[in-house]
Amino acid sequence: MNVCIYCGSRPGVHPHHAEAARQLGALIAERGWGVVYGGGSVGLMGIVAQAALNGGATVTGIIPEFLATDEIAMHTCTELITVPTMHTRKQMMIDRSDVIIAMPGGFGTLDELFEAITWR
């Protein structure tokens, strides 16, 4: 089971956002599932990924080339895939996932979520 996580590249407005991200990553690992996410090491996405890795989960990061420098790609992912476009990123994230979870984020998070809902 792979869980696609859509969330912000910032830590969230409230401290409980970061704690929820940590708990989510840990719970996914505890269940033996994998994480598929945007590939960044920062913000809520980095917190979820690191918590999952710390728990022994497989973590697949998919990041577009133009964001790899802005979002500082997490090179410790089990698999880090650099893609040419956001569209390719969104398609690969969905193709590699069994379920989708959205956490707090901005317009990018909403865009990913709404596109996934539309495709399904």
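For the structure, check the block above.
Presented here is a report on the structure given in the accompanying data block. Please read these numbers as outputs of a predicted model, since none were measured by experiment.

1. Some remarks on the nonpolar core
For step 1, the next point in the chain: In terms of nonpolar packing, the biggest core is built from 22 residues, with Ile5, Val35, Tyr37 and Val59 touching the most fellow members.
For step 2, the next point in the chain: Counting only elements with at least two residues in this core, the list comes to strand 1 (2–6), helix 1 (15–30), strand 2 (34–37) and helix 2 (43–54).
For step 3, the next point in the chain: No other element matches helix 2, which puts seven residues into this core.
For step 4, the next point in the chain: Once you skip the residues sitting within four places of it in the chain, tyrosine 37 turns out to touch Ile5, Met45, Ala49, Val59, Thr60, Gly61, Ile62, Met74, Cys77 and Met93.

2. Observations concerning the packing of aromatic side chains
For step 1, the next point in the chain: This structure, assessed with the given rule, holds zero aromatic pairs.
For step 2, the next point in the chain: In this structure, arginine 31 is placed above the aromatic ring of tryptophan 33, and the distance from its NZ or CZ to the ring centre is 6.0 Å.

3. Concerning helix 4 (residues 86–95)
For step 1, the next point in the chain: All buried positions along helix 4 are accounted for by Arg89, Lys90, Met93 and Ile94. For helix 4, the angular spread of buried residues about the axis comes to 125°, placing them on one side.

4. Observations concerning the pattern of salt bridges
Opposite charge on two side chains permits pairing when their charged atoms draw close.
For step 1, the next point in the chain: Scanning the entire structure with this criterion turns up five salt bridges.
For step 2, the next point in the chain: Ionic pairing is found between glutamate 112 and arginine 89, a salt bridge with its closest N-O pair at 3.8 Å. Linking glutamate 112 in helix 5 (residues 107–119) with arginine 89 in helix 4, this pair joins segments that are 23 residues apart in sequence. Of the two residues examined, glutamate 112 and arginine 89, each falls in the buried class.

5. Considerations on the sheet that holds strand 5 (residues 99–102)
For step 1, the next point in the chain: Ordered in space as 4-3-2-1-5, the five strands form an open sheet in which the pairing is parallel. Strands at the two margins of the open sheet, each flanked by one partner only, are strand 4 (79–83) and strand 5. The average undirected angle you get between the axes of adjacent strands in this sheet is 20°.
For step 2, the next point in the chain: With three bridges joining them, strand 2 and strand 3 (residues 59–64) adopt parallel strand pairing. Each bridged residue has a counterpart across the sheet, and for valine 36 the counterpart in strand 3 is threonine 60.
For step 3, the next point in the chain: On top of the sheet, helix 1 reaches strand 1, strand 2 and strand 5; it is set at about 170° to strand 1, its chief contact.
For step 4, the next point in the chain: Against the sheet, helix 5 contacts strand 1 and strand 5, and its axis sits at roughly 135° relative to strand 1.

6. So, helix 5
For step 1, the next point in the chain: Spanning 13 residues, helix 5 covers 18 Å between terminal C-alpha atoms, matching the ideal 18 Å at 1.5 Å per step.
For step 2, the next point in the chain: Among all positions in helix 5, only Thr109, Glu112, Glu115 and Ala116 are buried. Along the long axis of helix 5, the arc covered by the buried residues comes to 140°, so they all point the same way. Residues of helix 5 that are exposed and angled more than 90 degrees away from the buried face: Phe107, Phe114, Ile117 and Thr118.
For step 3, the next point in the chain: Where helix 5 is buried, its residues meet strand 1, helix 4 and strand 5.

7. Remarks on the side chain of threonine 109
For step 1, the next point in the chain: Along the chain, threonine 109 falls in helix 5.
For step 2, the next point in the chain: Of the polar contacts made by the side chain of threonine 109, one reaches the backbone oxygen of cysteine 7; its length is 3.4 Å.
For step 3, the next point in the chain: Filtering out sequence-adjacent residues up to four positions away, threonine 109 remains in contact with Tyr6, Cys7, Gly8 and Met103.

Rules behind the numbers
Counting starts from 1 at the beginning of each chain's written sequence and moves along it residue by residue. Selection of residues for local features in this predicted model requires a pLDDT of at least 70, selection of side-chain atom pairs for listing and counting requires 80 or more, and totals for whole chains, interfaces and linings are taken over all residues. To obtain the side-chain values, all non-hydrogen atoms of the structure were included, while hydrogens and water were left out. Throughout this description, the term nonpolar core refers to a set of buried Ala, Val, Leu, Ile, Met, Phe, Trp, Tyr and Cys residues connected via side-chain atoms within 4.5 Å. Throughout, exposure labels follow a simple rule: accessible area from a 1.4 Å probe, protein chains only, divided by the maximum for the residue type, with under 20% read as buried, over 50% as exposed, and the rest as partly exposed. Counting from the N terminus, the helices are DSSP H or I runs at least four residues long and the strands are E runs at least two residues long. By definition in these notes, contact holds between two residues if any of their heavy atoms fall within 4.5 Å. Centre distance within 6.5 Å is the pairing criterion for rings of Phe, Tyr and Trp, where only the six-membered ring of Trp is used; planes under 30 degrees apart are then read as stacked, over 60 as edge-to-face, and the remainder as tilted. Only when the NZ of Lys or the CZ of Arg is both within 6 Å of the ring centre and within 35 degrees of the ring normal is a charge said to sit over the ring. Directions are taken from the helix axis to each C-beta atom, and the arc is the one they span. In what follows, salt bridge is the name for a side-chain nitrogen of Lys or Arg lying within 4 Å of a carboxyl oxygen of Asp or Glu. Paired strands are those between which DSSP finds at least two bridges. The angle between two axes is taken between their N-to-C directions and runs from 0 to 180 degrees, where each axis is a line fitted to C-alpha atoms and a helix contributes only its stretch in contact. Between the first and last residue of a helix there are one fewer steps than residues, each counted as 1.5 Å, and that sum is the expected span. In protein, a polar contact requires one atom able to donate a hydrogen and another able to accept it; more generally it is a pair of N or O atoms within 3.5 Å, and residues adjacent in sequence count only if both atoms are side-chain atoms.

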